[in-house]
Amino acid sequence: MSVALMMLTGLGLDLLLGWPGWLYARISHPVVWLGRLVGALEARLNRGPRARRLWTGALTTVTAVLLAALPMWALQSLLPQTLAGSLIAGVLAWPLIAMRSMHDHVAAVARPLAGGDLPGARRSVSAIVGRDPSRLDEAGVARAAIESLAENTSDGIVAPLVWGLIGGLPGIAAYKAVNTLDSMIGHRDERYEAFGKVAARLDDVANLLPARLTGLLFALAGGRRAAEALRVMLRDAPKHRSPNAGWPEGAMAAALGVRLSGPRTYGDRIAEEPWLNGAAPDPGPRDLSAALALYRCAMVLCALALGVAALL
């Protein structure tokens, strides 16, 4: 079985279909199933002293990853090692790739922002970022959407593709479980700091390679700004609070000629984050549209790389 062809098939199906509403109404998305599992385990096990919550959180992480990966391993073992087997595996991988939905969510911010509808843009951006949208001006909305696009290209598209190439269907399923765990319990607050510690660290490790590859894709997609994007990414990414998010964000910032990150507000807390490409101006509505164009170009490069790998 060609894992490259499998992932190219999944990517193509996601581009053509996304996850259709009629299908979602009948069959919940697999990530929703994972979320329900993690939520049920967390409600039952996240209690008691810190030491107990640390190991029950680790148990939750291992359980979720195994329950996601083992059925996919069983399915993959039943598939023939032929072209047809690769295509069937691609259909199974399709729901775990989020290329189209990522574009649609950010485009839903770009449209009202370009039309001068700041309240509408704030409502749309609240669906993809955790910061308080009511305090965001036009530049803040554009910056939040571009950062989300950059980081989630790594988490939602490149990382699943990488782990699918490495581990086939079990690999991509295990990664989606890790990423879902991190988004649900990998928070640094009183409730989750101990319980989600293993999940958060595992997510950091799982995204080390994909984040850097995503940054490289954005830099290459930047055309004449490719060299500058690589330089800024290598210089500024280590300053980011996340070991991974700064790589795609730094490359995106320089490729667009804007600055990203910087201070942001979460509820009553202000996070004093350093700027990426800090000498550049703030982004505006046109830069958000340019970010979507850059994203599309990066996805074409990604598909071409998978196509070459499948042929080889």
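## Description of the packing of helix 8 (residues 138-185) against helix 13 (residues 285-311)
Here is step 1: Their axes nearest at 9 Å, the elements helix 8 and helix 13 cross at an angle of 10°. In terms of orientation, helix 8 and helix 13 fall into the roughly parallel class. Contacts from Glu138, Ala142, Ala145, Ile146, Leu149, Thr153, Ile157, Leu161 and Leu165 in helix 8 reach Pro285, Asp287, Leu288, Ala291, Leu292, Tyr295, Met299, Cys302 and Leu306 in helix 13.
Here is step 2: In terms of residue class, the contact of helix 8 with helix 13 is built from 15 nonpolar, 1 polar and 2 charged.

## Considerations on the pattern of salt bridges
Here is step 1: Using the criterion set out here, one finds 11 salt bridges in the structure.
Here is step 2: Aspartate 236 is the salt-bridge partner of lysine 239, the closest N and O atoms lying 3.2 Å from each other.
Here is step 3: Using a relative accessible area of 1% as the deciding quantity, one classes aspartate 236 as buried.
Here is step 4: Across the pair arginine 259 and aspartate 282 runs a salt bridge whose closest N-O atoms are separated by 2.8 Å. With arginine 259 in the loop between helix 12 (246-256) and strand 1 (260-261) and aspartate 282 in the loop between strand 4 (275-276) and helix 13, this residue pair connects regions lying 23 residues apart in the sequence.
Here is step 5: According to the relative accessible area criterion, arginine 259 is partly exposed, its value standing at 22%.
Here is step 6: The class for aspartate 282 is partly exposed, based on a relative accessible area of 32%.
Here is step 7: Linked through salt bridges whose partners overlap, the residues forming this network are Arg50, Glu193 and Lys197.

Reading the values: rules and limits
- Residues numbered from 1 in each chain as written.
- Predicted model: local features only at pLDDT ≥ 70, side-chain atom pairs only at ≥ 80, totals over all residues.
- Heavy atoms only, no water.
- Axes fitted to C-alpha atoms, helices over the stretch in contact; angles between N-to-C directions.
- Helix = DSSP H or I, 4+ residues; strand = E, 2+ residues; numbered from the N terminus.
- Parallel < 35°, antiparallel > 145°, perpendicular 65-115°, else oblique.
- Contact = heavy atoms within 4.5 Å.
- Nonpolar A, V, L, I, M, F, W, Y, C, P; charged D, E, K, R; others polar.
- Salt bridge = Lys/Arg side-chain N within 4 Å of Asp/Glu carboxyl O.
- Buried < 20%, exposed > 50% of the residue type's maximum accessible area, 1.4 Å probe, protein only.

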